[in-house]
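Structural description and commentary
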Amino acid sequence: MRLVIFDVDGTIVDSAAHIVESAQFVFHKNNLPKPADADIRAGIGLNLDIIMLNLLGDDNQELALKLEQDYRDYFNHKIEHGLINEQIYTGAAEAIATLGAQDETFLGIATGKRLKGVERLFKEQGFGHHFHTLQTPDNNPSKPNPGMVLTAMSETGVKAAKTVMIGDTSYDMAMAKAAGVKALGVNWGYHDHTTLRESGADLVIDHYHQLIDAIDELTE
């Protein structure tokens, strides 16, 4: 058996526009300087409280928690009013379906997105039944801590040598290396090819049609 773990934002769905807009809204609401698009995008994948601390540039935990809650309230408002339309990347659904049909493959999620957001994505896209383990900030430390990957392996009984972490950021690659598993970078998300390689990626791919072959190579 093998375990294939997907990140979500920047790997399965392109959610950057909504994340950037929401973060800038809550900073403006709290009379704070608007963070740059690039700075927000660079933090996607981390837990939201850490993103807010990084954008603040100091250790004001109380303010970071307020920004986090304001962000969640605003994001939920957009969801309730049908203002969120996260586009999945071309080829993502087909790759998930192909892997999900393989008896020898377990699929997992390891994401900075809350479980509620993952479940919403699954409901919209209809591929949630393919996944065997879901690891989110609801019960895990932030990437690059290896906890999400280690828990996913524990829940499925798959060893590190047969586990691959797929992601678009340095945090995903560092998490994979910390857990002792293979790291597969995707070059369509929020960190570039060079950053992924420098963060420990064993392979970096440019298109979803390369995904299955890359996973096969890393788990043979």
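Before going into details, it helps to say that this report is about the structure given with it. In every chain, residue numbers begin from 1 and rise along the written sequence. Whole-chain, interface and lining totals are the exception, using all residues; otherwise, since this is a predicted model, local features are given only for residues with pLDDT of at least 70 and side-chain atom pairs are given and counted only at 80 or more. Excluding hydrogens and water, the side-chain values take into account all heavy atoms of the structure.

**Topic: the nonpolar core**
For clarity, the cut-off: By nonpolar core we mean a set of buried residues, namely Ala, Val, Leu, Ile, Met, Phe, Trp, Tyr and Cys, connected to one another through side-chain atoms within 4.5 Å. Whether a residue is buried, partly exposed or exposed follows from its accessible area with a 1.4 Å probe, protein chains only, as a fraction of its type maximum: under 20%, in between, or over 50%, in that order.
Grouped together as the largest cluster of nonpolar side chains are 52 residues, with contacts concentrated most on Phe 6, Ile 12, Ile 166, Leu 184, Tyr 208 and Leu 211. Residues Ala 152, Met 165, Met 175 and Ala 201 belong to the second largest nonpolar core, which totals 18 residues.

**A word on helix H8 (residues 170-179)**
Applicable threshold: Only DSSP runs of H or I covering at least 4 residues are called helices, and only runs of E covering at least 2 are called strands; the numbering of each starts at the N terminus. Working rule for contacts: check all heavy atoms of both residues, and any pair within 4.5 Å makes them a contact.
Among the 10 residues that make up H8, 7 are buried, leaving the element largely enclosed by the rest of the structure. Residues of H8 that are buried: Ser 170, Tyr 171, Asp 172, Met 173, Met 175, Ala 176 and Ala 179. Lining the buried residues of H8 we find helix H2 (37-43), strand S4 (105-110), helix H7 (147-156), strand S6 (163-167), strand S7 (182-186) and helix H9 (193-198). Positioned one or two residues after H8, Gly 180 has a phi angle of 80°, which is positive.

**Quick look at the pattern of salt bridges**
Short version of the rule: One speaks of a salt bridge when a side-chain nitrogen belonging to Lys or Arg is within 4 Å of a carboxyl oxygen belonging to Asp or Glu.
One pass over the full model with this rule turns up 13 salt bridges. Residue Arg 72 is joined to Glu 68 by a salt bridge in which the shortest nitrogen-to-oxygen separation is 2.9 Å. Taken as a pair, Arg 72 and Glu 68 lie in helix H4 (residues 61-80) at a separation of 4 residues, close to a single helical turn. For Glu 68, a relative accessible area of 15% puts it in the buried group. Of the charged contacts in the structure, one is a salt bridge between Asp 138 and Arg 114, with a shortest N-O distance of 3.0 Å.

**Observations regarding the environment of Thr 136**
Going by this rule: Polar contact is defined as a pair of N or O atoms within 3.5 Å, subject to the rule that within protein one atom must be able to donate a hydrogen and the other to accept it, and that residues adjacent in sequence are counted only when both atoms are side-chain atoms.
Examined against the element boundaries, Thr 136 turns out to sit in the loop between strand S5 (133-135) and H7. Those residues in contact with Thr 136, other than ones at most four positions away along the chain, are Thr 111, Lys 113, Arg 114, Leu 115, Val 118 and Met 148. A distance of 2.6 Å separates polar atoms of two side chains, one belonging to Thr 136 and the other to Asp 138.

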